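# Per-entry structural report
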Amino acid sequence: RLVLLDLKLPKVDGMDVLRRMKADAKTKGIPVVMMTSSQEERDLVASYELGVNSYVVKPMEFEEFTKVVGQVGLYWDLVNKTPT
């Protein structure tokens, strides 16, 4: 399992979602990739402080975006090792 999370969500802040996930025993072990358009250092630092596993600045062009999503998926499926 893997969660791709954006900082800018329609009804709730992505940081709040991350905070809640990492505070809940049922979801704290699920890897979270923050995939957002924010290049702000404060967002990057805050995400890691709350326990994000990776921070990716998403491209604005759709073709590049789908390419990055595919690369993130391949990394988590093929390269990253997790406990069983």
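Reference entry: report on the structure contained in this document. Only a predicted model underlies this, so the values are computations on that prediction, with no experimental measurement involved.

### Observations regarding the pairing of strand β3 (residues 54–57)
- As paired strands, strand β2 (residues 32–36) and β3 are joined by four bridges and run parallel to one another. Residue pairing across strands places M35 opposite V56, the latter belonging to β3.
- One crossover worth recording links β2 to the parallel β3 by way of helix α2 (residues 41–49), and it is right-handed.

### Looking at helix α1 (residues 14–23)
- Inspection of α1 places G14, M15, L18, M21 and K22 among the buried residues, and these make up the whole buried set. Down the axis of α1, the buried set is contained in an arc of 125 degrees. They therefore lie on one face. Turned more than 90 degrees away from the buried face of α1, the exposed residues are R20 and A23.
- If you follow the buried residues of α1, they end up packed against β1 (3–5), β2 and α2.
- N-capping of α1 is provided by D13, with a side-chain oxygen placed 3.0 Å from the backbone N of M15.

### Some thoughts on a nonpolar patch on the surface
- On the surface, L74, Y75, L78 and V79 cluster together into a nonpolar patch covering about 420 Å² of accessible area.
- Structurally, L78 can be placed in helix α3 (residues 62–79).

### Details of the pattern of salt bridges
- Under the defined criterion, the tally for this structure stands at three salt bridges.
- Across the pair D6 and K58 runs a salt bridge, and its minimum N-O distance is 2.7 Å. Taken together, the residues span a long stretch of sequence, with D6 in the loop between β1 and α1 and K58 in the loop between β3 and α3 at a distance of 52 residues.
- Judged by relative accessible area, D6 falls into the buried class, the value being 15%.
- The partner of D16 in a salt bridge is R19, and the shortest N-O contact between them spans 2.7 Å. Here R19 and D16 lie together in helix α1, a separation of three residues that amounts to about one turn.
- The partly exposed category is assigned to R19, whose relative accessible area is 42%.

### Looking at the side chain of D6
- Within the structure, D6 has its side chain in polar contact with the side chain of T36 (distance 2.9 Å).
- One polar contact links D6 to K58, side chain to side chain, over a distance of 2.7 Å.
- Not counting residues up to four positions away in its chain, the partners in contact with D6 are G14, M34, M35, T36, S37 and K58.

### Side note on the sheet that holds β3
- The three strands lie next to each other as β1-β2-β3, forming an open sheet whose pairing is parallel. Here the strands that pair on one side only, and so sit at the sheet edges, are β1 and β3. Pairs of neighbouring strands in the sheet enclose a mean axial angle of 25 degrees, with direction left out of account.
- Across three bridges, the pairing between β1 and β2 is parallel. Counted as the bridge partner of V3 is V32 from β2.
- In the packing of α1 onto the sheet, the strands contacted are β1 and β2, and the crossing angle to β2 comes to about 180 degrees.

The rules behind each value
Residues numbered from 1 in each chain as written. Predicted model: local features only at pLDDT ≥ 70, side-chain atom pairs only at ≥ 80, totals over all residues. Heavy atoms only, no water. Pairing = 2+ DSSP bridges. Helix = DSSP H or I, 4+ residues; strand = E, 2+ residues; numbered from the N terminus. Right-handed = clockwise from strand over helix to strand, strands pointing away. Buried < 20%, exposed > 50% of the residue type's maximum accessible area, 1.4 Å probe, protein only. Arc of directions from axis to C-beta. Contact = heavy atoms within 4.5 Å. Polar contact = N/O pair within 3.5 Å; in protein donor to acceptor, adjacent residues only side chain to side chain. Patch = residues over 30% accessible without salt bridge, like charges linked within 9 Å, V, L, I, M, F, W, Y side chains within 5 Å. Areas by Shrake-Rupley, 256 points an atom, 1.4 Å probe, with all protein chains shown as cover. Salt bridge = Lys/Arg side-chain N within 4 Å of Asp/Glu carboxyl O. Axes fitted to C-alpha atoms, helices over the stretch in contact; angles between N-to-C directions.

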